[in-house]
Amino acid sequence: MTNTKVKVREVKLYIDGEYVESSNGSTFEVKNPATQEVIAQVHEATKEDVDRACRAARRAFEEGPWRTMSPAERSSKIRRMAEIIIERKEELARLEALDVGKPYPVALEKEIPRAAHNLKFFADFMEQQGGEVYPMGEEYLNYTRYEPVGVAALITPWNLPFMLTTWKLGPCLATGNTAVIKPAEVTPLTVSLLGEIAKEAGIPDGVVNVVQGFGPNSAGEFMTTHPEVDLISFTGETSTGKAIMKNGADSLKKVSFELGGKAANIIFEDANLDKAVPTSIQAAFMNSGQVCLAGSRILVQRSIFSEFVERFKKAASELKVGDPQDTQTNMGPVVSEEHYQKVTSYLGIAEEEDSELVYGGKRPDLPEYLNKGYYLEPTIFIQENPQARICQEEIFGPVVTLIPFDMEEEALEIANSTEYGLNGVIWTDNLQRAHRVSHDVRAGTIWVNCWFVRDLRAPFGGFKKSGIGREGGHHSLEFFSEAKNICIALK
Ligand code: NAD
């Protein structure tokens, strides 16, 4: 057994360069999802605290050197943040594993390095951007500038807390904006450290603020209705995106939303199953299935359906479910009691819908100290009806549905039949089919014969109810800046 006992941390708010307590002293508890032990007491930001954070960010934007500093100087400080993250990666990965319940090696080898890369990439990228010049002959000079927008509210979910926050913070800072960040209430630990990391990197006070709390009638809502906030970059549930859009409408805030998903992972009969099976296992069960890009609907051509089911089931049975701090663990618990109730409610729904349980569906056998953890075995259903709720709704847990199909057209119809359109996955050795199906699946990212491969220059975002806007590369530049046109008479 690895060490799961930790001291109870006090998580404060980071406002204007200082860690402070909530103005009314109120705190809430955070538990380790593997054991239900309390791991943190978190200061809950009041309306007054959020107001202070937003005003500090406004002051730092208007008066501070951040907005007017040269891109080279700004980027060097953001790159320093990335270096500090790498220097502290073991600590950050331990905390992320503790807070979310994800396996420590995944946090250490993938997510924390990616968080550092998010900052470094956007520091480098934005430093190299220029504007455009439109020649108008002898009489006028016409050019553009990309200027920061102002104060950004960055609101993130609990599944990849540190990685997703830095994905927003990198371009936000590198374009000269200031930020008020709010991580999810169940996973505040790593994001709260961004304050001290920014300070050590020489980022001026007020440029990065971190508040803690909940959504409705709490820190999230106070941020998205605050008059000093100019833009909101939000990742989370589709229903929350709708609420945020309504709340931000009065002050006409600019929004970028990365929302839910229910990706189709389509396995054609000519697919290389030696690659498709293990990657589909990753796509279904990585982070206990709590990934917006999860391949949670696996559409398999009927001619290979039985073979795929057998191989997929065997691979799922080989996953080691256990203590997230143990380096041998492949899958931990889900994040919280509330989420566990939601995920396991789909087991009953699947039964009512006459889904066939192929594997899992119960708590795994685990050592006694994990008895209270929010664990569910990797769970596989077969469902012939693509309209069934388990094929349509985002379960966001280790529950995957296999759906057989006969023809390519049918696979496309099923793939496009949900309200989501974040991503899709296609397995085939037929080049023409790969292109054809990629064009016709209505989703923001398509992976062919791979999954979760990212280049940060590429656009990221969703069709339909999976989001609004794109981030990544110049798409982030456009969201986090105002393009200004200047026209000068030369005579
Ligand atoms: P959530 O929407 O419940 O919460 C996300 C964040 O929004 C939290 O910080 C929460 O406190 C805050 N929030 C909630 N209500 C709010 C309100 N009314 N005003 C302002 N803030 C509010 O999402 P979650 O359960 O934390 O995360 C899971 C969801 O996130 C899934 O739907 C998943 O698909 C989605 N997600 C999407 C992407 C993507 O890139 N598209 C990435 C990761 C997760």
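Residues numbered from 1 in each chain as written. Predicted model: local features only at pLDDT ≥ 70, side-chain atom pairs only at ≥ 80, totals over all residues. Heavy atoms only, no water.

## Notes on the overall build of the protein chain
(1) Moving on: Scanning the protein chain from N- to C-terminus turns up 16 helices and 23 strands.
(2) Moving on: C-alpha atoms of the protein chain, sized along the principal axes, occupy 75 × 60 × 40 Å.
(3) Moving on: Here the protein chain holds 491 residues, and the buried ones make up 58% of them.
(4) Moving on: Across the protein chain, contacts joining residues at least 24 apart in sequence account for 74% of those joining residues at least 6 apart. (Helix = DSSP H or I, 4+ residues; strand = E, 2+ residues; numbered from the N terminus. Buried < 20%, exposed > 50% of the residue type's maximum accessible area, 1.4 Å probe, protein only. Contact = heavy atoms within 4.5 Å.)

## Examining the packing of helix 2 (residues 71–87) against helix 3 (residues 89–100)
(1) Moving on: At a closest axis distance of 5 Å, the pairing of helix 2 and helix 3 adopts a crossing angle of 75 degrees. Of the possible angle classes, the one that applies to helix 2 and helix 3 is roughly perpendicular. Where helix 2 approaches helix 3, its residues I85, I86 and E87 are matched on the opposing element by K89, E90 and L92.
(2) Moving on: Among the residues forming the contact of helix 2 with helix 3, the class breakdown is three nonpolar, no polar and three charged. (Axes fitted to C-alpha atoms, helices over the stretch in contact; angles between N-to-C directions. Parallel < 35°, antiparallel > 145°, perpendicular 65-115°, else oblique. Nonpolar A, V, L, I, M, F, W, Y, C, P; charged D, E, K, R; others polar.)

## Quick look at the packing of aromatic side chains
(1) Moving on: Across all of its chains, the model carries 14 aromatic pairs by this definition.
(2) Moving on: Ring centres of F234 and F257 lie 5.8 Å apart, and the angle between their planes is 85 degrees; on these two criteria the pair is classed as edge-to-face. On the criterion of sequence distance, the pair formed by F234 in strand 11 (residues 231–235) and F257 in strand 12 (residues 254–258) is long-range, its members being 23 residues apart. You'll find F234 and F257 in the same group, each marked buried.
(3) Moving on: Centroid distance Y340 to Y374: 6.0 Å. Interplanar angle 40 degrees. Geometry classified as tilted. (Phe/Tyr/Trp six-rings, centres within 6.5 Å; stacked < 30°, edge-to-face > 60°.)

## Focus on unusual backbone geometry
Most peptide bonds take the trans form, and the phi angle of most residues other than glycine is negative.
(1) Moving on: For S288, which is not glycine, the phi dihedral falls at a positive 55 degrees.
(2) Moving on: On the secondary structure map, S288 appears in the loop between helix 10 (273–285) and strand 14 (297–301).

## Some points on the sheet that holds strand 16 (residues 379–382)
Sheets are built from strands paired through backbone hydrogen bonds, the pairs being either parallel or antiparallel.
(1) Moving on: Taking strand neighbours across the sheet as the criterion, the seven strands line up as 15-16-17-14-13-19-20 in an open arrangement whose pairing is mixed. If you trace the sheet from one side to the other, it starts and ends with strand 15 (356–359) and strand 20 (445–448), each paired once. Along the sheet, successive strands turn relative to each other by an average axial angle of 25 degrees, direction set aside.
(2) Moving on: For strand 13 (residues 264–267) and strand 19 (residues 423–427), the ladder comprises four bridges, and the chain directions are parallel. (Pairing = 2+ DSSP bridges.)

## Let's talk about the site of the ligand
(1) Moving on: In the vicinity of the ligand, 30 residues are found, and the nearest of them are K182, E185, T240, L259 and E394.
(2) Moving on: Contact distances for the ligand include 2.6 Å between an oxygen atom and a side-chain N or O atom of T240.
(3) Moving on: One of the side-chain N or O atoms of E394 is found 2.5 Å from an oxygen atom in the ligand.
(4) Moving on: Burial of the ligand by the protein amounts to 93% of the accessible area it has alone, namely 850 Å².
(5) Moving on: Every element with two or more residues in the shell around the ligand is listed here: helix 8 (219–224), strand 11 and helix 9 (238–249).
(6) Moving on: Residue composition of the shell around the ligand, grouped by class: 15 nonpolar, nine polar and six charged. (Near = heavy atom within 4 Å. Polar contact = N/O pair within 3.5 Å; in protein donor to acceptor, adjacent residues only side chain to side chain. Areas by Shrake-Rupley, 256 points an atom, 1.4 Å probe, with all protein chains shown as cover.)

## Let's talk about the pattern of salt bridges
Where charged atoms from two side chains of opposite charge approach closely, those side chains can pair.
(1) Moving on: Under the definition given, this model contains 31 salt bridges.
(2) Moving on: A salt bridge links R311 to E307; its shortest N-O distance comes to 3.3 Å. Of this pair, R311 and E307 both sit in helix 11 (residues 305–317), four residues apart, which is roughly one turn of that helix. (Salt bridge = Lys/Arg side-chain N within 4 Å of Asp/Glu carboxyl O.)

## Considerations on the environment of P113
(1) Moving on: Positionally, P113 belongs in helix 4 (residues 104–127).
(2) Moving on: Linking P113 and R302, residues 189 residues apart in sequence, is a C-alpha distance of 40 Å.
(3) Moving on: If we ignore the near neighbours within four places in the chain, the residues touching P113 are I86, A107 and L108.

## Describing the UniProt feature "domain: Aldehyde dehydrogenase" (unreviewed entry) in the protein chain
(1) Moving on: The UniProt entry lists residues 19–486 under the feature "domain: Aldehyde dehydrogenase" (unreviewed entry), expressed in the numbering used here.
(2) Moving on: The span residues 19–486 is 39% helical and 20% strand by assignment, and the distance between its end C-alpha atoms comes to 42 Å. (UniProt positions renumbered as here; feature names shortened; annotations may be inferred.)

## What about the sheet that holds strand 23 (residues 481–489)?
(1) Moving on: In space, the three strands of this open sheet follow the order 6-7-23, with antiparallel pairing throughout. Only two strands of the sheet have a single partner each, and these edge strands are strand 6 (133–135) and strand 23. When strand polarity is set aside, the average angle formed by the axes of neighbouring strands in this sheet is 15 degrees.
(2) Moving on: Here strand 7 (residues 140–148) pairs with strand 23 via nine bridges, running antiparallel. Note on strand 23: the bridge partner recorded for N142 is C487.

## Some details on helix 4
(1) Moving on: Between the first and last C-alpha of helix 4 there are 33 Å, a value that for 24 residues agrees with the 34 Å anticipated at 1.5 Å per step.
(2) Moving on: The sharpest bend along helix 4 reaches about 30 degrees and sits at E111, with the proline P113 one to four residues further on. (Expected span 1.5 Å × (residues − 1). Bend = angle between axes of the 7 residues up to and from the residue.)

## Brief notes about the side chain of N265
(1) Moving on: With respect to the helices and strands, N265 occurs in strand 13.
(2) Moving on: Overall, the relative accessible area of 1% leaves N265 in the buried class.
(3) Moving on: Within polar-contact distance, the side chain of N265 engages the side chain of S280 at 2.9 Å.
(4) Moving on: If we skip the residues at most four places from it in the chain, N265 touches S280, G295, R297, I298, L299, V425 and W427.

## Some points on the UniProt feature "active site" (unreviewed entry) in the protein chain
(1) Moving on: UniProt records the feature "active site" (unreviewed entry) for E258 in the present numbering.
(2) Moving on: Within the secondary structure, E258 sits in strand 12.
(3) Moving on: Look past the residues within four positions of E258 in its chain and what remains in contact with it is W167, K168, F234, T235, G236, F460, S466 and E471.

## Regarding the packing of helix 3 against helix 4
(1) Moving on: Between helix 3 and helix 4, the least distance of the axes is 8 Å, while the angle of their chain directions is 125 degrees. With respect to their mutual orientation, helix 3 and helix 4 come out oblique. Seen along the crossing, helix 3 lies across helix 4 with a hand that is right-handed. Here K89, E90, L92, A93, R94, E96 and A97 of helix 3 come into contact with helix 4, specifically with Y104, A107, L108, E111 and I112.
(2) Moving on: Partitioning the contact of helix 3 with helix 4 into residue classes produces seven nonpolar, no polar and five charged. (Left-handed = near helix turned anticlockwise from the far one by under 90°.)

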